[in-house]
Amino acid sequence: MDRLPVGSSADSVLWLPVDAADDTIHEAIVALDPDRRLGSAKRPVFLTAWLPCLKGSCLSFLGLSPASHQWLAGLAGDGFSAARRAELTAALAVADPGAALPDDPHEQVTALIRALTRAETGPAQFGLGRQPLWCGPDGGSGLACSCDPSTGRPGVTGSFLAGGSGAQLLTAGGADLAELLDTQPWGPQVREAVHTAEAELDWPARVEFLVEEGRPHIVTSTRASLRGTALLHAVGTRYERGRLTPAQAVSLVEPRDVEQARSGAAQSLDLPVAARGLGVSPGIASGAVVFSATDAVAVQANGGQPVLVLTESRPEDLPGLLAATAVVTERGGQTSHAAVVARGLGLPAVAALIDGVLDADANVLRTTHGDTVRAGDVVTVDGHAGVIHLGGRTGPTAERQAAPELPGWLDEALSGLPGIAVRVNADTGADAAAGRALGADGVGLCRLEHMFLGERHQVLQRVLMARPGPDMTEDLATVHALLRAEITDVLAAMDGRPVTIRLLDPPRHEFLPDLTELSLTTAATGAPADRDRLDITRRLHEHNPMLGVRGVRMGVLLPALTAVQIKALVEATLALRRAGRDPRPELLVPMVSAPAELDFVRGMLDDVCAHLGTSRAQAGISLGAMIETPRAALLAGSIARRADSLSLGTNDLTALVWGLSRDDAEQHLLPAYQDVGLLVESPFARLDVEAVGTLARQVAAEARAVRPDITLGVCGEQAADAAAVRFFAEAGFDHVSCAPPRIPLARLAAARAAVAQGAADVHPTGAGR
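Residues numbered from 1 in each chain as written. Predicted model: local features only at pLDDT ≥ 70, side-chain atom pairs only at ≥ 80, totals over all residues. Heavy atoms only, no water.

S.K.: Help me understand the packing of helix H15 (residues 429-437) against helix H17 (residues 470-493), please; the structure alone is not making it clear to me.
M.R.: When two helices pack together, their arrangement is captured by the angle between the axes and the distance separating the axes. At a minimum axis separation of 8 Å, H15 and H17 run at an interaxial angle of 15°. Between H15 and H17, the angle is such that the two are roughly parallel. As H15 runs across H17, the sense of the crossing is right-handed. Contact with H15, carried on its side by Gly429, Ala432, Ala433 and Arg436, involves Asp489, Val490 and Ala493 of H17 and no other residues of that element. Within the contact of H15 with H17, the residues separate by chemical class into 4 nonpolar, 1 polar and 2 charged. (Axes fitted to C-alpha atoms, helices over the stretch in contact; angles between N-to-C directions. Helix = DSSP H or I, 4+ residues; strand = E, 2+ residues; numbered from the N terminus. Parallel < 35°, antiparallel > 145°, perpendicular 65-115°, else oblique. Left-handed = near helix turned anticlockwise from the far one by under 90°. Contact = heavy atoms within 4.5 Å. Nonpolar A, V, L, I, M, F, W, Y, C, P; charged D, E, K, R; others polar.)

S.K.: Explanation requested: the nonpolar core in the structure shown.
M.R.: The tendency in soluble globular proteins is for nonpolar side chains to be buried as a group. The biggest cluster of nonpolar side chains holds 92 residues, and the ones touching the most others in it are Phe452, Ile487, Leu561, Leu646, Phe728 and Phe733. A total of 9 residues in this core trace back to one element, the largest contributor, which is helix H21 (residues 559-578). Ignoring any residue separated from it by four or fewer positions in sequence, one finds Phe452 in contact with Pro315, His457, Val459, Leu460, Val479, Leu482, Leu483, Leu504 and Phe511. By size, the runner-up hydrophobic cluster in this structure holds 35 residues, among which are Leu38, Phe61, Leu64 and Trp134. (Core = buried A, V, L, I, M, F, W, Y, C linked by side-chain atoms within 4.5 Å. Buried < 20%, exposed > 50% of the residue type's maximum accessible area, 1.4 Å probe, protein only.)

S.K.: Can you walk me through the pattern of salt bridges in this structure?
M.R.: Where charged atoms of side chains with opposite charge meet at close range, the side chains can pair. Summed over the entire model, instances satisfying the criterion amount to 37 salt bridges. Close ionic contact of Arg85 with Asp103 constitutes a salt bridge, the shortest N to O distance being 2.8 Å. Taken together, the residues span a long stretch of sequence, with Arg85 in helix H3 (residues 78-95) and Asp103 in the loop between H3 and helix H4 (105-116) at a distance of 18 residues. Owing to a relative accessible area of 41%, Asp103 belongs among the partly exposed residues under this scheme. Across the pair Asp721 and Arg686 runs a salt bridge, and its minimum N-O distance is 3.3 Å. (Salt bridge = Lys/Arg side-chain N within 4 Å of Asp/Glu carboxyl O.)

S.K.: What exactly am I supposed to notice about the sheet that holds strand S17 (residues 364-367) here?
M.R.: Strand pairs in the sheet, formed through backbone hydrogen bonds, run parallel or antiparallel to each other. What the 3 strands build is an open sheet, ordered S16-S17-S18; its pairing is antiparallel. Strand pairing shows two members of the sheet lacking a second neighbour, strand S16 (356-359) and strand S18 (372-374), which therefore form its edges. Ignoring which end each strand starts from, the neighbouring axes of this sheet average 20° apart. (Pairing = 2+ DSSP bridges.)

S.K.: Explain a nonpolar patch on the surface here, please?
M.R.: On the surface, a cluster of nonpolar side chains totalling about 390 Å² of accessible area is made up of Leu669, Tyr673, Val676 and Leu678. Classification of Leu669 by relative accessible area gives partly exposed; the value is 38%. (Patch = residues over 30% accessible without salt bridge, like charges linked within 9 Å, V, L, I, M, F, W, Y side chains within 5 Å. Areas by Shrake-Rupley, 256 points an atom, 1.4 Å probe, with all protein chains shown as cover.)

S.K.: What should I look at first to understand the confidence of the model for the protein in this one?
M.R.: Parts of the prediction with low pLDDT should not have their coordinates interpreted in detail. Taken residue by residue, the protein gives an average pLDDT of 87. The fraction at 70 or more is 94%. Predicted confidence for residues 394-400 stays below pLDDT 50, and this span has 14 contacts to residues more than four positions away or in other chains. Below a pLDDT of 50 lies the segment residues 760-769, which in the model reaches 4 contacts outside its immediate sequence neighbourhood of four places, other chains included. (pLDDT = per-residue confidence, 0-100.)

S.K.: What am I meant to see in the packing of helix H8 (residues 228-240) against helix H14 (residues 408-415) here?
M.R.: Where H8 meets H14, the closest approach of the two axes is 9 Å, and the angle between their N-to-C directions is 60°. Between H8 and H14 the crossing geometry is left-handed. Contacts from Leu232, Val235, Gly236, Tyr239 and Glu240 in H8 reach Trp409, Leu410, Glu412 and Ala413 in H14. Tallied by class, residues from the contact of H8 with H14 come to 6 nonpolar, 1 polar and 2 charged.

S.K.: Explain the pairing of strand S19 (residues 378-382) here, please?
M.R.: Along any regular strand, the residues point their side chains to alternate faces of the sheet. S19 sits mainly inside the fold: 4 of its 5 residues count as buried. Here strand S12 (residues 284-290) runs beside S19; their pairing, made up of 5 bridges, is antiparallel. Paired with Ala288 across the bridge in S19 is Val378. As paired strands, S19 and strand S20 (residues 387-390) are joined by 4 bridges and run antiparallel to one another. Counterpart to Val381 in the pairing with S20 is Ile388. Once S19 ends, the chain turns through 4 residues before running back antiparallel as S20, passing Gly386 with a positive phi of about 75°.

S.K.: Looking at this structure, I do not really get the environment of Ala685. What am I missing?
M.R.: As for its placement among the helices and strands, Ala685 is situated in the loop between helix H27 (669-675) and helix H28 (692-706). With 341 residues separating them along the chain, Ala685 and Gly344 place their C-alpha atoms 16 Å apart. Setting aside residues no more than four positions away along its own chain, Ala685 makes contact with Gln334 and Gln718.

S.K.: Looking at this structure, I do not really get H4. What am I missing?
M.R.: Here H4 is 12 residues long and its end C-alpha atoms lie 17 Å apart, about the 16 Å a rise of 1.5 Å per residue gives. If you check which residues of H4 are buried, you get Pro105, Gln108, Val109, Thr110, Leu112, Ile113, Ala115 and Leu116. Where H4 is buried, its residues touch helix H1 (22-32), strand S2 (46-50), strand S3 (59-62), H3 and strand S4 (125-131). (Expected span 1.5 Å × (residues − 1).)

S.K.: Hey, could you run me through the side chain of Asp475 in this one?
M.R.: Its place among the elements puts Asp475 in helix H17. Every residue in contact with Asp475, bar those within four places of it in the chain, is listed here: Val459, Arg462 and Val463.

S.K.: Sorry, what's going on with the side chain of Ser81 here?
M.R.: With respect to the helices, strands and loops of the structure, Ser81 is situated in helix H3. For Ser81, a relative accessible area of 0% translates into the label buried. At 3.0 Å, the side chain of Ser81 forms a polar contact with the side chain of His69. Excluding residues within four positions of it along the chain, Ser81 makes contact with Leu64, His69, Leu72 and Ala73. (Polar contact = N/O pair within 3.5 Å; in protein donor to acceptor, adjacent residues only side chain to side chain.)

S.K.: Could you clarify how one ought to interpret helix H2 (residues 66-76) in this entry?
M.R.: Spacing of three or four residues puts side chains on the same side of an α-helix, whose turn is 3.6 residues. Within the sequence span of H2, burial applies to Ser68, Trp71, Leu72 and Ala73. Of the surrounding elements, those touching the buried residues of H2 are S2, S3 and H3.

As structure tokens, this is what we get:
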């Protein structure tokens with residue numbers, strides 16, 4: 001059957017040749033309107049024309065005279081009626097500029113058809129039909145879907161507004177359609193039409209319909225727009241029935257659909273807002289406020305669910321983070337200590353408060369709204385929206401955010417598709433095992449400094465503050481033993497797959513005593529040991545530690561510390577190999593700015609291997625450099641000649657390219673820029689393709705030019721973002737790395753990027769899509 005004009009039924013449409021005489025058109029109008037109500041002032045009839053020139057669309061409300069215009073305005077509003085008149089006038093003007101729209105309804109219909117079909121020749125036809133209306137006691141407008149739009153479960157759902165237009169239905173709502181389908185005479189026909197539309201579209205259908213004098217008329221049938229759970233259900237059903245290929249199925253699902261389906265955390269909370277900040281780790285959780293890591297541990301031990309509120313977190317706060325159900329920090333940003341740890345743990349977290357100030361002395365959080373949040377008060381933290389609400393959620397408190405699980409069919413579809421590899425950021429054997437279970441191809445970043453969180457931070461603190469001597473030797477031995485055990489666990493968990501072990505890269509201030517607190521303590525006690533610690537802390541204090549002694553720079557100043565890290569890695573590797581395992585370590589040097597820094601570390605690696613009776617080649621340890629300073633990016637070719645791999649560190653590279661502080665910019669500066677329209681989004685949240693992306697492309701091109709087989713990876717908070725994954729895949733990088741909870745989403749983004757690239761290769765100009 002030919003497609004019918006919108007709003008018409010089969011027996012109310014007349015098909016005429018485009019060269020039909022005026023008399024033939026008038027006869028058709030009379031046949032459609034035997035009561036001569038076209039253009040009348042009381043319950044007028046309107047016509048719809050389906051014209052070849054409109055490419056499958058139609059022209060509605062033909063015969064809109066001054067009288068029927070007034071009637072329509074009284075029914076649907078002046079704006080609706082005026083808009084229909086304007087559409088008819090505009091259609092005539094396109095075909096016949098300067099022509100006035102006739103007020104006589106018959107002349108209006110004839111003039112429009114003649115003008116719009118003037119250029120048509122051959123056997124072309126046009127359809128003319130009587131347009132059903134929603135008015136009257138047995139009329140109305142409806143919207144139906146062949147499934148539940150929120151879950152995807154099959155079954156006709158929707159709404160119906162008696163005596164109302166489609167526009168009124170959308171604004172005012174209507175009655176539940178499911179209850180009417182079995183009670184109204186037009187119900188079975190609507191249900192059948194919806195099922196027929198779904199079969200023809202091979203997709204859940206969205207059907208708009210009118211009921212006139214108890215008779216239904218289908219207006220439009222389109223594919224339903226689904227998201228989250230409903231989309232996964234629709235795609236999964238068709239994939240499992242063989243109606244979609246893996247590539248087609250994956251291309252229909254976006255990472256946000258998986259995230260929405262799992263958490264449903266984007267729901268609005270009917271709770272007052274206490275403060276807003278930056279959502280740095282997704283999820284929603286409620287609990288009692290505490291203002292120290294110690295209190296968080298105590299509350300959890302008593303069966304409570306603490307929300308840990310801090311000015312900013314430090315390594316020694318790890319026990320409190322582990323005990324917390326959510327985290328809030330007054331300072332910080334997407335790449336702050338609290339944000340990185342919270343994402344790894346799956347904790348909802350908000351940082352960089354814009355309307356809240358923590359009064360540490362009084363243990364209260366004061367807000368600009370006049371609220372005072374005290375210890376023990378219940379709050380709800382929304383890590384999606386970056387909001388702290390007063391009070392708790394109704395129902396059970398959300399568990400900490402785990403990895404969004406992929407449905408079995410989607411995991412199966414992904415396994416057969418190419419795409420940029422996805423590795424996991426893992427600092428423990430448990431993290432590595434979790435990432436592997438979620439499909440990670442290896443460890444892209446193992447941060448040795450994260451092995452010194454919590455109580456262990458004191459070990460590294462002693463090394464950083466020690467003077468050469470027996471104490472330092474003993475502490476270095478402790479560091480070595482600790483690292484060897486932890487590295488062994490990570491390599492064993494990812495056996496047979498690459499593991500990138502990064503040398504220590506902590507800004508020293510994170511592992512040194514707080515200068516202010518230590519000054520007060522020393523003033524109060526006057527103890528020689530405290531004075532000595534204060535002198536050392538002052539000597540090591542840096543005004544800008546993120547640009548100071550960290551990464552390879554700390555390794556140059558403390559070569560003994562670098563040596564024990566390398567020794568721990570080599571020994572762990574050799575021990576596993578002797579046990580019949582297949583460790584594949586990659587040593588990564590952070591904060592490289594000069595190619596000679598890589599030579600320095602290579603020399604130490606060779607010396608350590610020689611001391612252990614082996615060589616770097618025999619140990620199978622590759623050497624890589626992090627590209628996170630602009631200088632390293634500009635010298636990528638020179639660095640690549642000395643390296644087996646390069647890892648683009650987007651966090652620091654973004655900060656240095658922009659000249660922004662990672663921990664401060666997202667609290668006030670960047671939100672203000674977004675408010676006034678200078679920025680769309682924070683460059684720490686979404687990859688800055690314009691500048692950082694340009695450097696990334698340059699790094700890949702220059703590195704490949706001098707060493708085609710070099711491994712190129714990306715780590716950083718933007719690395720798992722869907723758009724960033726696609727960018728890095730197109731730029732020629734081999735892998736991206738992210739926290740375990742992001743692995744499934746990154747895998748999906750990688751496969752979608754590969755599918756899109758394949759489509760672009762087949763249709764480079766978009767033809768055939």
